[in-house]
Amino acid sequence: MTESVAPPLRPPDPGAWLDRSKANAGPNLPSRAGRKLRKAGWLMVAPAVGWLGLWVAVPVVATFILSLTDYNVFSAPKWIGLENYIQIWNDPVFHKATWNTVVYTFWTVPVSMAIAVVIAVALNQNLRARNWFRAAFFLPQVTATVAIAMVWLWIYNPQGGLLNAVLGFFGIPGHAWLQSTDSALWAVSIVGVWQGIGMKMLIYIAALQNVDEALYEAASIDGASSIRKFWSITLPMLKPATFFVFVISIIGAFQVFDQIYVLTNGGPANATTMMTYEVYRSAFENFKMGLACAQSVFLFAFLLVMTVISRRMTKGDES
């Protein structure tokens, strides 16, 4: 009886794996079809790219160029280099406007965010008519700023205004809130806080929908109080929303204009003038378009720096 001899082992073919992977990969798209897909993609985004180029890129470039010129609309621009920026650097009124904008921003943004979080948490509970309350708090956000400013003009009116009437009921003397350099900026800031709560509240309510209820149930089993749950669960889970709200709130505060124009017109004694209001005054009252463009560039740079700083301060919270 003869023993069967096993065939000798062959070394693996290095090209066999590549052939099998090619066979399993399926047929590749023809190069012509790929080019058609790319053309179709560019064709679909072309309207958006054209819109951005025409209404964003071109004005931005024109603003940078005109900021280096002396331009008053009625005559051709005259190249003057950095003189507009030197004038801004030496302008005490623009310094005051920059300081007022910073004070307004760092007063309205944190206060409105804190109030919005509390309201959002309260309106996220199973309250009766909570949708009506949500709509009521959000209503100022969709109301024209000019209309809101007119209402607050009546509230702050030193002669028969609502605020002085309420103070008089308790025996407290009235005050010219918008006509005093000591109170005008704070009075305007209160309007900004009140109007900005609605949008922040809506974003926080949306973020609260993603918080797992199991976290609260586990905390309740451990005996955590409502305040402890708020600090240990709610606020940490709202960090991404807080970062987003913080950035858009800073940008919005630096661009405040309507309520300043209606309530105080930048007064008294430039106590409430803002950077955007100075841009408006330079462009449409003094017809110094080149200077207004330089102020706009300065405002853009200031906003960019503030956004970067806020991102550094909240680094990692948005993830």
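The coordinates are above.
For the structure given in this document, a descriptive report is provided here. (Residues numbered from 1 in each chain as written. Predicted model: local features only at pLDDT ≥ 70, side-chain atom pairs only at ≥ 80, totals over all residues. Heavy atoms only, no water.)

## Overview of helix H9 (residues 213–221)
Every α-helix winds through 3.6 residues per turn, so residues three or four apart in the chain are directed the same way.
(1) Moving on: The opening residue of H9, the one whose side-chain oxygen lies 3.1 Å from the backbone nitrogen of alanine 214, is aspartate 212.
(2) Moving on: The first or second residue beyond H9 is glycine 223, which carries a positive phi of 85 degrees. (Polar contact = N/O pair within 3.5 Å; in protein donor to acceptor, adjacent residues only side chain to side chain. Helix = DSSP H or I, 4+ residues; strand = E, 2+ residues; numbered from the N terminus.)

## What to know about the packing of helix H6 (residues 145–156) against helix H7 (residues 162–169)
Two quantities define a packed helix pair, namely the angle between the helix axes and the distance between the axes.
(1) Moving on: Running from amino to carboxyl end, H6 crosses H7 at an angle of 30 degrees, the nearest separation of the two axes being 4 Å. Compared by their axis directions, H6 and H7 come out roughly parallel. Contacts between H6 and H7 involve Trp154, Ile155 and Tyr156 from the former and Leu162, Leu163 and Asn164 from the latter.
(2) Moving on: Broken down by class, the residue content of the contact of H6 with H7 amounts to 5 nonpolar, 1 polar and no charged. (Axes fitted to C-alpha atoms, helices over the stretch in contact; angles between N-to-C directions. Parallel < 35°, antiparallel > 145°, perpendicular 65-115°, else oblique. Contact = heavy atoms within 4.5 Å. Nonpolar A, V, L, I, M, F, W, Y, C, P; charged D, E, K, R; others polar.)

## A short note on the packing of aromatic side chains
(1) Moving on: Counted under the stated rule, the structure contains 15 aromatic pairs.
(2) Moving on: Both rings, one in tyrosine 277 and one in tyrosine 280, keep their centres 5.8 Å apart while their planes meet at 40 degrees; by these two values the pair is tilted. Of this pair, tyrosine 277 and tyrosine 280 both sit in helix H13 (residues 275–285), 3 residues apart, which is roughly one turn of the helix.
(3) Moving on: Under the relative-accessibility criterion, tyrosine 277 is labelled buried at 0%.
(4) Moving on: Taking 5.8 Å as the distance between ring centres and 35 degrees as the angle between the ring planes, the aromatic pair formed by tyrosine 280 and phenylalanine 284 counts as tilted. With a gap of 4 residues between them, tyrosine 280 and phenylalanine 284 both fall in helix H13, about one helical turn apart.
(5) Moving on: Residue class for phenylalanine 284 comes out exposed when judged on its relative accessible area of 54%. (Phe/Tyr/Trp six-rings, centres within 6.5 Å; stacked < 30°, edge-to-face > 60°. Buried < 20%, exposed > 50% of the residue type's maximum accessible area, 1.4 Å probe, protein only.)

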